[in-house]
Amino acid sequence: MFLRRPLPVGMWLTMQLAALPAMAQEKIIPGDSARPLVLEETPAEKAQADKEEVNLKTSKNHTWFDDLEGHLVVEAGVNGNPWTHTGRNWAQSYVDRANTATLNQITGTLSHPTTDIGGGYGIGFVFEVLYGSDARFNPTIGMGDGNLTGMYQWAPTQAHIDAHLPWLSKGGIDLQIGQQYGIQGFEGTDALERPFYSYNYSSDYIVPFETVGVLATWHMTDTVAWVLGVNAGNSTTFGGAKNNKRPKGYFGVQLTGLADGNLDVAAIAYLGPQQSVYAIGNVANQKMEYVGDILATYKLNDTTSITLNGTYYHDDYLQDDVYGVTTYFAHDFSPSLTFNARGEIFRDNNGQVVGANTSTMSYVNELRGRSYPYDQAPGTTYGELTVGVTYRPEFLKLPRGSFSLRPEVRLDKSLNGTRPFNRVSPTDDPNVNFANNGTNNMFWFSCDAIWSY
């Protein structure tokens, strides 16, 4: 079994097309307490603004280092699934432990926005490290993987130089060089980059999560941007740590501001051999993997948006086709309360992709091409429906940062008669359990809390 991880679409920074769905239309920078629904000034504010002088000149003492930014995100959650016999939620990576409270992540980011350095050129950077249970599924092989081996691990998640080149068009070219989140999908790793505590199947199992390489975005016009990237592969580096000798990469297009500024669309493909030579030998250099992803977000009004995400995956070695379609709905009832809904249909044709890693080091060893314990299921068509809210308490007057709660209720169901949920049976292989003697659905509920600064 070869599990795939995102992710999204992650923090994705400059590549994120859709805004943070948990707050409907636009991402909240850590420290903002809520997104106002009306941005117009009051008459009193306008009168005061007319009296004040505006100085747009940069201070002579201002240096490039003055624009350094530091952010911290802490996420902890709990979930309930009283019907499981395994102690786990089937086919979940980050929220795998049933009936358990978990410190998912403490993510620290040090960054500098891409700032003009003269002649139209710009430079910046992002460095980020994650500690918590989520780090079990966020390693990059060759970058400190395996230093911690328990439930709580650490992982460098971003380390890239950002540059702007005033070439080819007015919008120029943006470069990211180094380690960065994958750019496909809608749900990112950072807690603020997704609408729910739990993930959809596509984000857990199809889209590449981490890459190390070069990513270029050419802003051909104000609406059209072309994307091209070359990297070492999913969650691995160059040199001896890479999974095989062949390059991998992205290509695609982003369309923003369509339909009077209400529609954004991205169509991104990722291809290249992904299997490990340490697991299957030199044939890993020839066996291709293909991932196609299309993402469209339409803003119905200032408070409501709909997002559609379709993803397809094929691996020549596994001979498995996997695909899914997910729809998201987000509505702001008030600056402090957002309703979110997610519906998904997801097909794993022969059961080689969807499963459950049963050791804290299973995913790391999978990427390394070593043996690892896991649970497997037959080919299944999964259906998933999740509803929840993001609540940002206005009565909390924190001295620093902002606080959010995200309760959710979720139903997963097999749509083709298999029974992979809540129970597994041993096989002749001591590392493998088979999940087809449980239930055909899994009803569970979760809640996480996020503090961001």
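Residues numbered from 1 in each chain as written. Predicted model: local features only at pLDDT ≥ 70, side-chain atom pairs only at ≥ 80, totals over all residues. Heavy atoms only, no water.

- If you look the protein chain up in an unreviewed UniProt entry, it shows as Porin from Acetobacter fabarum.

## Details of the overall build of the protein chain
Working step 1: Secondary structure summary: the protein chain contains 5 helices and 20 strands in total.
Working step 2: Here the protein chain, with 453 residues, has 53% of them falling under the buried criterion.
Working step 3: Within the protein chain, counting contacts between residues at least 6 apart in sequence, those at least 24 apart form 67% of the total.
Working step 4: Total accessible area on the protein chain is roughly 19100 Å²; 60% of this is exposed by carbon and sulfur atoms. (Helix = DSSP H or I, 4+ residues; strand = E, 2+ residues; numbered from the N terminus. Buried < 20%, exposed > 50% of the residue type's maximum accessible area, 1.4 Å probe, protein only. Contact = heavy atoms within 4.5 Å. Areas by Shrake-Rupley, 256 points an atom, 1.4 Å probe, with all protein chains shown as cover.)

## Remarks on the side chain of Q158
Working step 1: In this fold, Q158 is placed in strand β4 (residues 153-165).
Working step 2: A distance of 3.2 Å separates a polar atom in the side chain of Q158 from a polar atom in the side chain of H160. (Polar contact = N/O pair within 3.5 Å; in protein donor to acceptor, adjacent residues only side chain to side chain.)

## Some points on the pairing of β4
Strand residues, when the strand is regular, have side chains that alternate between the two faces of the sheet.
Working step 1: Among the 13 residues in β4, 10 count as buried, and that is most of the element.
Working step 2: In this structure, strand β3 (residues 121-132) lies alongside β4, joined through 11 bridges in antiparallel fashion. Paired with F127 across the bridge in β4 is A159.
Working step 3: Bridge analysis of β4 against strand β5 (residues 173-181) gives 7 bridges, and the strand direction is antiparallel. Along β5, the bridge assignment pairs D162 with Q176. (Pairing = 2+ DSSP bridges.)

## Here we look at the nonpolar core
Working step 1: W90, Y201, I206, Y313, F346, V354 and Y382 are the most contacted members of the largest nonpolar core, which totals 37 residues.
Working step 2: Those elements that place two or more of their residues in this core are α2 (201-205), β9 (263-273), α5 (362-368) and β20 (441-452). (Core = buried A, V, L, I, M, F, W, Y, C linked by side-chain atoms within 4.5 Å.)

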